[in-house]
Amino acid sequence: MPRGQKSKLRARKKRCQARVESQGLGDTQATTGEVNKSPSSVSGDAPSSSPAAGASQKPQGSQATSSSAARGSRRRSNAGAKSRVDGGKHSSQASTSSESARNDLLTRKVGILMQFMLERYAMKAPIIRAEMLKIINKRYKEDFPEIFGKASEHLELVFGLELKEIKPGGHSYNLVSSLDITSDGDVSNGWGPPKNGLLMPLLSVIFLSGNQASEEDIWEFMNILGVYEGRKHVVFGEPRKLITQDLVQEKYLEYRQVSGSDPPRYEFLWGPRAHAETSKMRVLEFLAKVHDTVPSAFPFHYEEALRDEEERAQVRATAKAASATKASARSRATSSRSTPP
């Protein structure tokens, strides 16, 4: 069975297991509730047959009056408590709604600012702080540091472009290419930073899709980034050529027809160069940075990344041992030839 299918089966099994465990917990809580009800029910239903019990009873009228008063008091108390709870709930909901609306607005402003920065990058023009404030509206001047910081971070993560101040304190910036560093510390050769920026997100989508992603899923993701098929992008140029030809020819991606598909459908996988220059753990670290969390926050994929790291370590150890064996054999051969008979 292909490795991707095995991963999907494991994921489905884990989801089923989680549902079963959740259901089991719910059943346990329900059972506990029934047990806790039992003593009071038995006590309430038990007949007062002993003389002592009968002597201690109050007159029926008095008991009814007191019970009625108690019920009225409880109702008033419960109504007051419910009012306080509802008031607190509505206040909390209003606060959450207000915070959510603010976050949505700031997210839109981040997107607008990113688009402006990319246009300036395409024009090879400096990015001026006053122009950025004008773009997002000066009413959001207090929020500008947060919007500016998120836009800068997303540009570096998604597009491989780093914002650099032209002159300290000058409030003008340029977007510069951040060269990719491979896992062994060397600068990756043969591909430009725009490809670098888009490649890591693409590898992430493929990894999260069970190590093979349909072409439809890839384009859906690209559209989220504002990259559309048939529309030239200010940074990436022609996106279809980039992902189905350039990155494929450079062996970062594999683009193939889905077996048995009619009409033909296509999918993307990691290419051999991607396997060599990065790893699943590194991609997961990228995803964690995007989501401001840690790799272990993606438990299923974190387990897969750990297994991948172990396999890589074993391959390196085997290669190192083989190299040492060859070196020792060469040394003995040289020594035997140099020793006189």
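Here is what the cut-offs are and how they apply
Residues numbered from 1 in each chain as written. Predicted model: local features only at pLDDT ≥ 70, side-chain atom pairs only at ≥ 80, totals over all residues. Heavy atoms only, no water. Helix = DSSP H or I, 4+ residues; strand = E, 2+ residues; numbered from the N terminus. Buried < 20%, exposed > 50% of the residue type's maximum accessible area, 1.4 Å probe, protein only. Areas by Shrake-Rupley, 256 points an atom, 1.4 Å probe, with all protein chains shown as cover. Core = buried A, V, L, I, M, F, W, Y, C linked by side-chain atoms within 4.5 Å. Contact = heavy atoms within 4.5 Å. Expected span 1.5 Å × (residues − 1). Salt bridge = Lys/Arg side-chain N within 4 Å of Asp/Glu carboxyl O. Pairing = 2+ DSSP bridges. Axes fitted to C-alpha atoms, helices over the stretch in contact; angles between N-to-C directions. Parallel < 35°, antiparallel > 145°, perpendicular 65-115°, else oblique. Nonpolar A, V, L, I, M, F, W, Y, C, P; charged D, E, K, R; others polar. Polar contact = N/O pair within 3.5 Å; in protein donor to acceptor, adjacent residues only side chain to side chain. Left-handed = near helix turned anticlockwise from the far one by under 90°.

Going by the annotation in an unreviewed UniProt entry, the name recorded for the protein is Melanoma-associated antigen B1-like, with Vulpes vulpes given as the source organism.

**Student:** Help me understand the overall build of the protein, please; the structure alone is not making it clear to me.
**Tutor:** In terms of helices and strands, the protein carries eleven helices and six strands. The buried share among the 341 residues of the protein stands at 30%. As displayed, the protein offers around 22,100 Å² of accessible surface, 53% of which is attributable to carbon and sulfur atoms.

**Student:** Just to check I follow, could you spell out the nonpolar core for this structure?
**Tutor:** Within soluble globular proteins, side chains that are nonpolar tend to cluster in buried spots. Formed by 56 residues in total, the largest nonpolar core has its most connected members in Leu113, Met117, Met132, Leu202, Ile218 and Ile243. Ignoring anything within four residues of it in the chain, the contact list for Leu202 reads Ile218, Phe221, Met222, Ile243, Leu247 and Leu253.

**Student:** Quick question: what am I supposed to make of helix H5 (residues 144-159) here?
**Tutor:** Side chains of residues three or four places apart in an α-helix project in the same direction, reflecting 3.6 residues per turn. If you check H5, its first and last C-alpha atoms are 21 Å apart, about what 16 residues at 1.5 Å a residue would give, namely 22 Å. Gly160 lies just past H5 and shows a positive phi near 70°.

**Student:** I'm lost on the pattern of salt bridges in this one. Help?
**Tutor:** Two side chains carrying opposite charge are able to pair once their charged atoms lie near each other. Here the structure, examined in full by the defined rule, presents eleven salt bridges. Glu162 serves as the salt-bridge partner of Lys164, at 3.3 Å between the closest nitrogen and oxygen. Taking the shortest distance from any N to any O, the salt bridge between Glu277 and Arg273 comes out at 2.9 Å. One end of the pair is Glu277 and the other is Arg273, both in helix H9 (residues 272-277) and four residues apart, which spans about a single turn. A relative accessible area of 15% places Glu277 in the buried class. Since its relative accessible area comes to 22%, Arg273 is described here as partly exposed. Beyond isolated ion pairs, a larger network of salt bridges with shared partners links Glu215, Glu229 and Arg240.

**Student:** How do you make sense of the sheet that holds strand E2 (residues 161-165) when you look at a structure like this?
**Tutor:** Whether parallel or antiparallel, the strands of a sheet pair through hydrogen bonds between backbone atoms. The strand order E1-E3-E2 describes an open sheet built from three strands, whose pairing is antiparallel. Where the open sheet ends on each side, the last strands, each with one partner, are strand E1 (127-128) and E2. Pairing of E1 with strand E3 (residues 172-177), which is carried by two bridges, proceeds in the antiparallel orientation. Across the sheet, the residue bridging to Ile128 is Ser172, located in E3. Contacting E2 and E3, H5 crosses the sheet at an angle of about 135° to E2.

**Student:** Looking at this structure, I do not really get the sheet that holds strand E6 (residues 266-270). What am I missing?
**Tutor:** The strand order E4-E6-E5 describes an open sheet built from three strands, whose pairing is antiparallel. In this open sheet, the two edge strands, each paired with only one partner strand, are strand E4 (213-214) and strand E5 (253-257). Note: E4 against E6, two bridges, orientation antiparallel. In the strand pairing of E6, Ser214 is matched with Glu267. Running at roughly 110° to E5, helix H8 (residues 239-249) makes contact with E5 and E6 of the sheet.

**Student:** What should I look at first to understand the packing of helix H4 (residues 129-136) against H5 in this one?
**Tutor:** When two helices pack together, their arrangement is given by the angle between the helix axes and by the axis-to-axis distance. For the pair H4 and H5, the least separation of the axes is 11 Å and the interaxial angle reads 100°. Regarding the angle of H4 to H5, the classification is roughly perpendicular. Packed against H4, whose contacting residues are Arg129, Met132, Leu133 and Ile136, the element H5 presents Phe144, Ile147 and Phe148 at the interface. Of the residues in the contact of H4 with H5, the class split is six nonpolar, no polar and one charged.

**Student:** What am I meant to see in the side chain of Glu267 here?
**Tutor:** Secondary-structure assignment places Glu267 in strand E6. Within the structure, Glu267 has its side chain in polar contact with the side chain of Arg256 (distance 2.8 Å). Discounting residues that sit within four places of it in the chain, Glu267 has contacts with Gln212, Ala213, Ser214, Glu215, Glu254, Tyr255, Arg256 and Val258.

**Student:** What is the right way to look at helix H10 (residues 280-290) in this model?
**Tutor:** For H10, the set of buried residues is Lys280, Met281, Val283, Leu284, Phe286, Leu287 and Ala288. After H10 finishes, the residue Asp292 shows a positive phi value of roughly 55°.

**Student:** Sorry if this is basic, but what is going on with the pairing of E2 here?
**Tutor:** Regular strands show a simple pattern: their side chains alternate between the two faces of the sheet. Of the strand pairs in this sheet, E2 and E3 are connected by five bridges, and their pairing is antiparallel. Across the sheet, residue Leu161 finds its bridge partner in E3, namely Ser177. In sequence, E2 turns back onto E3 through a hairpin of six residues, with Gly169 there showing a positive phi of about 80°.

**Student:** Which parts of the structure should I look at to understand the packing of helix H7 (residues 215-224) against H8?
**Tutor:** H8 packs onto H7 with a crossing angle of 135° between their chain directions and a minimal axis gap of 12 Å. Considering their axes alone, H7 and H8 lie oblique with respect to each other. Crossing hand, H7 versus H8: right-handed. Where H7 abuts H8, its residues Glu215, Ile218, Trp219 and Met222 lie against Pro239, Arg240 and Ile243. Here the contact of H7 with H8 is built from residues that sort into five nonpolar, no polar and two charged.

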